[in-house]
Amino acid sequence: MLQREVPYLRPPLATLMLIACVCVPFLQLAAQDTRHSARKLPKAEITLISGPTTLRPNESLESNIFHAQLTNRSAEPLLLFVRSGILMNARWDWSVADAKSMPIGMGFEPGRGFCGTPITSPEAEAEARHLRDDDLLVLAPGESHEFPVLPGPSDDYSFPSAGTYHLAVTLTYVPPNADHYFDERGKRQRAFGLEQWDLSRLGVDQLAALTNSLSIQATSDTWNLELPSRRGPKQGIFFNNIPVQLR
C-alpha cells in the first residue's frame, strides 16, 4: 500500500518573528539568573587590631574604642559605604567568653542597630542622606582597611571572676537600600532597622556598582581582656558617642 506524503507546511514569517520576540527576552533573563546564581558570596576576614587589654574596676568597657581590620579574601573587589572613616550600614555584634571558651551572660541585653546618620536638624539630616561618589570605598582582592568598632562590648556583661576573657565581634554590612543580607552560612536574612539613602547624586558607574554590590558577614578572631576582679553589669553607664559629623 502506498503511503501518501503529507506536504510540509512552512509557518508564515510573521509567526517566526513573533516566536523569536517572545523567546529572546526569556533566554536573556535565564542567562542573567545563571550569572547571579553562579556569583559567589564575598569572603571577608575581620581582625581586631587594637583595644584595651585590661580595665580598671569602674572603667566602662563599652566606651572603649576597638579597631578592626577588614580584609577582602574574595576574588572580586568589595564595594563599601564609608563616611568619615566609619563603615556605614554596619552592625557590630560582640560576644564574650571566659578562659574555658564558655559564653558569659548579660544583666540586660541592649538592642544594637546599624551605623547610620545621627539626627541633628531636619536640613542636615536630609543632606546627609545623599550618597556621593566619595562615600564609596573599593577593597581590591587581598586589600585591607581599618575601621573603628562602635560601640565596644556592652557594660551589661557580667564577668563572674577575675581572669582572662575572650572577646570577638561579628560584622554585618548591608549595601545601601538593600532589604536583605546573607549570613556566614550563606542563608538569606531580612535586614531591619536600616535607613533609606538618596542615591540620586551618584555617578552612573558608581550607582551601577553599588546596586550590584553584596553584603558581608564575618566574625573576628578573639581579643584577650584581663580583668583584675569580677565585674557585675553596670546598667548606669551609658556610651558617649564620639562627636563625629557624618555629612
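Quantities reported herein were computed from a predicted structural model and do not represent experimental measurements.

Details of the confidence of the model for the protein chain
On average, residues of the protein chain score 81 in pLDDT, and 73% of them reach the 70 mark or higher. Note on residues 13–38: pLDDT under 50 across the span, and three contacts to partners over four residues away in sequence or across chains. Long-range and interchain partners of residues 235–247, a stretch whose pLDDT sits below 50, account for 25 contacts in this model, where long-range means more than four residues apart.

Quick notes on the pairing of strand S2 (residues 66–72)
Counting buried positions over the seven residues of S2 gives five, a clear majority of the element. Where strand S1 (residues 44–50) lies against S2, six bridges are found, and the strand directions are antiparallel. Within S2, the position partnered with Leu48 by the bridge is Ala68. Taken together, the six bridges between S2 and strand S7 (residues 144–149) define a ladder with antiparallel strand orientation. Residue pairing in the sheet places Leu70 in a bridge with His145 of S7.

Considerations on the sheet that holds strand S3 (residues 78–83)
If you trace the three strands from one edge of the open sheet to the other, you get S4-S3-S6, paired in antiparallel fashion. Only two strands of the sheet have a single partner each, and these edge strands are strand S4 (86–87) and strand S6 (136–139). Here four bridges tie S3 to S6, and the two strands are oriented antiparallel to one another. When the sheet's bridge partners are listed, Leu79 is paired in S6 with Val138.

So, the pairing of strand S5 (residues 90–97)
In terms of burial, S5 is largely enclosed, as six of its eight residues are buried. Of the strand pairs in this sheet, S5 and strand S8 (residues 163–173) are connected by eight bridges, and their pairing is antiparallel. Across the sheet, the residue bridging to Asp93 is Thr170, located in S8.

Thresholds applied
Residues numbered from 1 in each chain as written. Predicted model: local features only at pLDDT ≥ 70, side-chain atom pairs only at ≥ 80, totals over all residues. Heavy atoms only, no water. pLDDT = per-residue confidence, 0-100. Contact = heavy atoms within 4.5 Å. Buried < 20%, exposed > 50% of the residue type's maximum accessible area, 1.4 Å probe, protein only. Helix = DSSP H or I, 4+ residues; strand = E, 2+ residues; numbered from the N terminus. Pairing = 2+ DSSP bridges.

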